[in-house]
Amino acid sequence: MQTISYSFYKGDKKLKDTTFVPEAIQISNNLSGYGYNLSKDSDHLILCFGGSMYIAYNTVGMYSGYYDCPFLSVDYYGTQDSKGKMNLHTMQQSAEELYDWAKEHYPDKKIIVMGHSYGCGMAAYLASVRDCSNLILLSGYRTSADMYNKIIPFYWGFLQVFIKNNIRVDLYAKNTTCPVTIIGSDSDTTLSDDIQRKLADCYPDAELEIFPNIKHEDYLTTNEVIEFIIDSIEANHSDLS
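In this report, the structure presented in the accompanying data block is examined. (Residues numbered from 1 in each chain as written. Predicted model: local features only at pLDDT ≥ 70, side-chain atom pairs only at ≥ 80, totals over all residues. Heavy atoms only, no water.)

Now for the environment of His 44. Turning to its location among the elements, His 44 is positioned in strand 3 (residues 44-49). Look at His 44 and you get buried, because its relative accessible area is 15%. A sequence separation of 189 residues divides His 44 from Ile 233, and the C-alpha atoms of the two residues are 9.3 Å apart. One polar contact links His 44 to Asp 43, side chain to side chain, over a distance of 2.7 Å. (Helix = DSSP H or I, 4+ residues; strand = E, 2+ residues; numbered from the N terminus. Buried < 20%, exposed > 50% of the residue type's maximum accessible area, 1.4 Å probe, protein only. Polar contact = N/O pair within 3.5 Å; in protein donor to acceptor, adjacent residues only side chain to side chain.)

This next bit is on the pairing of strand 4 (residues 71-74). The side-chain alternation of strand 4 yields two buried faces, one formed by Phe 71 and Ser 73 and the other by Leu 72 and Val 74. Taken together, the 4 bridges between strand 2 (residues 32-36) and strand 4 define a ladder with antiparallel strand orientation. Within strand 4, the position partnered with Tyr 34 by the bridge is Ser 73. Across 2 bridges, strand 3 lies against strand 4 in parallel orientation. (Pairing = 2+ DSSP bridges.)

Before going further, it helps to examine the pattern of salt bridges. Within the structure shown, the criterion is met by 6 salt bridges. With its nearest N and O atoms 2.8 Å apart, the salt bridge here joins Asp 170 to Arg 168. The salt bridge partner of Arg 197 is Asp 193, with a shortest N-O separation of 3.3 Å. Highlighted residues: Arg 197 and Asp 193, both in helix 7 (residues 193-200), separated by 4 residues, approximately one helical turn. Members of the salt-bridge network, linked through shared partners, are Glu 96, Asp 100 and Arg 130. (Salt bridge = Lys/Arg side-chain N within 4 Å of Asp/Glu carboxyl O.)

As structure tokens, this is what we get:
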């Protein structure tokens, strides 16, 4: 199952037609990614971790321009132009280094972390180890079992010990102090609204919003969701100011 998940990031191709034009960024000698609105004057920025098949180029190319701020995404070590080997540790390292790069280049901006589907794992991890102003999870999961059981319904209870590199959002939640927003849909057949409610319970004060009639792949291109995210960011920043 892990091999299948990783293969999307390693082998996926750049979309030929994107809504926005991504700009390449070099995070370190071996780690690269893409961004948009890099010079935009705002008090915050977004780090976005896309789901399977949404490498950094595609994530930025399809989702970035709806937000009036710098928008960044990373290609994990061992994927696309990032050198090395992909595993849970290097995925976490990739997320941390993206954050540190953003903090160095935008020292006065609040950092919002957003994840969709598989990317929720690294978004949630990052918010548990770095100072983030918001964590936004769209169609997230508690552990990798929530995803894998949709394909092979095997990983229940103690059987999760057989998951290599299990992504434990439920544990990351215990060390997360920033405001958390969780978004789902009653029409998501990949990671259901019921899973989103259970995920929200992992966080002490998570904001939960379940939208009607949105498919798993359509959250971040749906106007209602985009508007909700923008409003949520503005509300949380108002509370922090």
